[in-house]
Each structure stands twice: as C-alpha cells, then as structure tokens.
Amino acid sequence: MRLTRTGGLAGITRRWQAEAPEGDASQWVAVIDQCPWDETPPTDSVRTDGFTWRIVAVVRHDERSVVLPESAAVGPWATLISVVRDASVG
C-alpha cells in the first residue's frame with residue numbers, strides 16, 4: 001500500500017508505505033475491498049488549501065488506485081488511510 005498526501009497551506013507532500021504484516025493479509029484485503037474503488041470521487045468539494053490523497057493498493061497482482069479530495073477521505077477510505085499510516089515504514 002502506498003499513500004501520498006499533497007496540498008494544505010504549505011503544499012507539503014507526505015508519503016506512507018506499508019505491507020500487511022505476516023498473517024494479517026486477509027484483514028488488510030477486507031479493508032481494501034470495502035473501499036468504493038469504482039466510484040468517481042467528488043471534485044466539487046476540493047478546497048484550494050485542502051489535502052489530496054493518492055491511494056495505491058496491490059492485492060494479488062491487481063493494482064487499484066484513486067485520488068481523493070480530503071473531504072472524500074471518510075468511511076472505508078479513512079479506515080484504509082489509518083491502517084496504512086499506522087503500519088507505515090516510511
């Protein structure tokens with residue numbers, strides 16, 4: 001999993017990367033599968049000084065990615081972001 005957060009007042013880019021710990025892959029896949037990857041994220045709520053998230057997940061060689069405004073990073077997306085940030089190696 002890779003996360004990139006850009007924007008904000010300072011325009012600083014932050015990155016996180018993590019892999020499921022040994023034995024936890026099925027739990028991570030469940031979190032990834034709960035996210036609405038095929039839905040188009042709203043763009044009308046993008047703020048000039050807001051954050052933008054780029055999320056990339058690879059499950060069994062299937063890569064999924066999405067770019068979300070900060071206001072759309074809720075529900076399953078917020079859960080996925082928290083899981084990756086908490087387990088991040090960088």
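Residues numbered from 1 in each chain as written. Predicted model: local features only at pLDDT ≥ 70, side-chain atom pairs only at ≥ 80, totals over all residues. Heavy atoms only, no water.

### Some words on the overall build of the protein chain
Looking only at helices and strands, one finds 2 helices and 4 strands in the protein chain. Sequence-ordered secondary structure for the protein chain, helices as α and strands as β, is β-β-α-β-β-α. For a compact globule of 90 residues, the expected C-alpha radius of gyration is about 12 Å, and the protein chain comes in at 13 Å, within 12% of that figure. Dimensions along the principal axes, computed over C-alpha positions, put the protein chain at roughly 40 × 30 × 20 Å. In the protein chain, which comprises 90 residues, the share counted as buried stands at 31%. (Helix = DSSP H or I, 4+ residues; strand = E, 2+ residues; numbered from the N terminus. Rg over C-alpha atoms; globule rule 2.2 N^0.38 Å. Buried < 20%, exposed > 50% of the residue type's maximum accessible area, 1.4 Å probe, protein only.)

### A word on the sheet that holds strand β3 (residues 51-59)
Within a sheet, adjacent strands bond to each other through the backbone by hydrogen bonds, running parallel or antiparallel. Across the sheet, 4 strands lie side by side as β2-β1-β3-β4; this open sheet has antiparallel pairing. The sheet is open, and its two borders are formed by β2 (14-17) and β4 (62-69), each paired with just one other strand. Each strand axis lies, on average, 10° off the axis of its neighbour in the sheet, ignoring direction. Bridge count between strand β1 (residues 2-7) and β3: 6 bridges; the pairing is antiparallel. Its bridge partner being in β3, R2 is matched across the sheet by V56. Each of β1, β2, β3 and β4 is contacted by helix α2 (residues 76-87), which is oriented at about 75° to β3, the strand it contacts most. (Pairing = 2+ DSSP bridges. Axes fitted to C-alpha atoms, helices over the stretch in contact; angles between N-to-C directions. Contact = heavy atoms within 4.5 Å.)

### Remarks on the nonpolar core
Within the largest apolar cluster, 22 residues are counted, with the highest numbers of intra-cluster contacts made by M1, W37, W53, I55, W77, L80 and V84. Within the residue set of this core, elements represented by two or more residues are α1 (25-34), β3, β4 and α2. The residues contacting L80, other than those within four sequence positions of it, are M1, V31, I32, C35, W37 and I55. (Core = buried A, V, L, I, M, F, W, Y, C linked by side-chain atoms within 4.5 Å.)

### So, the environment of C35
By the element assignment, C35 lies in the loop between α1 and β3. What makes C35 buried here is its relative accessible area of 6%. Residues C35 and W77, 42 residues apart in the sequence, show an inter-C-alpha distance of 6.0 Å. Every residue in contact with C35, bar those within four places of it in the chain, is listed here: P76, W77 and L80.

### Quick word on the packing of aromatic side chains
Here the structure, examined in full by the defined rule, presents 2 aromatic pairs. Relative to W77, the ring of W37 has its centre 4.8 Å away and its plane inclined at 80°; by these criteria the two rings are edge-to-face. Of this pair, W37 sits in the loop between α1 and β3 while W77 sits in helix α2, and the two are 40 residues apart along the sequence. A cation over a ring is seen here: R5 above F51, with NZ or CZ 4.1 Å from the ring centre. (Phe/Tyr/Trp six-rings, centres within 6.5 Å; stacked < 30°, edge-to-face > 60°. Lys NZ or Arg CZ within 6 Å of the ring centre and 35° of its normal.)

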